[in-house]
Amino acid sequence: AEAAKAVDRSLQTSARLKKPMPAATALQFAGIWLGQGQAAKAADLYQQVVDREPGNVVAWEGLLASLLSLKDERRATAALQRMTPDTYEGGMQGA
């Protein structure tokens, strides 16, 4: 619970400064949320990273895991369709 509060505070600070959080930090925070059962918040943060870095395999994997955790197959399918072939292949090689 403390970790999730720290994530919230960091995101609020980032928004207040109008500066995007570094992708590595955002991925760590999204992973904390996902691990604590807050898949909707995790999905939003993973989506932000995917939007900024469409080749980021870790962000795509987290986004898909979050959406499937939410049982949102429609959004997960749409995400897979937006993924570039190179990113998809990179994810499959790491699997």
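Residues numbered from 1 in each chain as written. Predicted model: local features only at pLDDT ≥ 70, side-chain atom pairs only at ≥ 80, totals over all residues. Heavy atoms only, no water.

Caption draft 1: Expanded view of helix H3 (residues 39-52). Over its 14 residues, H3 runs 20 Å from end to end, which matches the ideal 20 Å to within 8%, given 1.5 Å per residue. The set of residues buried in H3 consists of Ala39, Ala42, Ala43, Leu45, Tyr46, Gln47, Val49 and Val50. (Helix = DSSP H or I, 4+ residues; strand = E, 2+ residues; numbered from the N terminus. Expected span 1.5 Å × (residues − 1). Buried < 20%, exposed > 50% of the residue type's maximum accessible area, 1.4 Å probe, protein only.)

Caption draft 2: Broad picture of unusual backbone geometry. A positive phi angle, near 60 degrees, is found at Lys71, a position not held by glycine. Classification of Lys71 by relative accessible area gives exposed; the value is 71%.

Caption draft 3: Structural detail: the pattern of salt bridges. The final tally for this structure, using the stated rule, is one salt bridge. The partner of Arg75 in a salt bridge is Asp72, and the shortest N-O contact between them spans 3.8 Å. A relative accessible area of 30% places Arg75 in the partly exposed class. (Salt bridge = Lys/Arg side-chain N within 4 Å of Asp/Glu carboxyl O.)

Caption draft 4: Structural view of the environment of Asn56. Mapping Asn56 onto the fold places it in the loop between H3 and helix H4 (57-69). C-alpha of Asn56 to C-alpha of Thr87: the two residues are 31 residues apart in sequence and 7.3 Å apart in space. Every residue in contact with Asn56, bar those within four places of it in the chain, is listed here: Leu27 and Val49. Only 3.1 Å separates the side chain of Asn56 from the backbone nitrogen of Val58, close enough to count as a polar contact. (Contact = heavy atoms within 4.5 Å. Polar contact = N/O pair within 3.5 Å; in protein donor to acceptor, adjacent residues only side chain to side chain.)

Caption draft 5: How the structure looks around a nonpolar patch on the surface. A cluster of nonpolar side chains, contributed by Leu80, Tyr88 and Met92, occupies part of the molecular surface with about 290 Å² of accessible area. Tracing the chain through its elements places Leu80 in helix H5 (residues 73-82). (Patch = residues over 30% accessible without salt bridge, like charges linked within 9 Å, V, L, I, M, F, W, Y side chains within 5 Å. Areas by Shrake-Rupley, 256 points an atom, 1.4 Å probe, with all protein chains shown as cover.)

Caption draft 6: Spatial organisation of the environment of Gly37. Structurally, Gly37 is set in the loop between helix H2 (23-35) and H3. The exposed category is assigned to Gly37, whose relative accessible area is 62%. In the structure, Gly37 is positioned 29 residues away from Ser66 in sequence and 9.3 Å away in space, judged by C-alpha atoms.

Caption draft 7: Local environment of the environment of Arg52. Checked against the element boundaries, Arg52 lands in helix H3. The class for Arg52 is partly exposed, based on a relative accessible area of 36%. When the C-alpha atoms of Arg52 and Pro20 are compared, they prove to be 9.5 Å apart, with 32 residues separating the residues in sequence. With sequence-adjacent residues up to four places away left out, Arg52 is seen in contact with Pro20, Met21, Pro22 and Ala23. Only 2.6 Å separates the side chain of Arg52 from the backbone oxygen of Met21, close enough to count as a polar contact.

The values are spatial; any link to function lies outside them.
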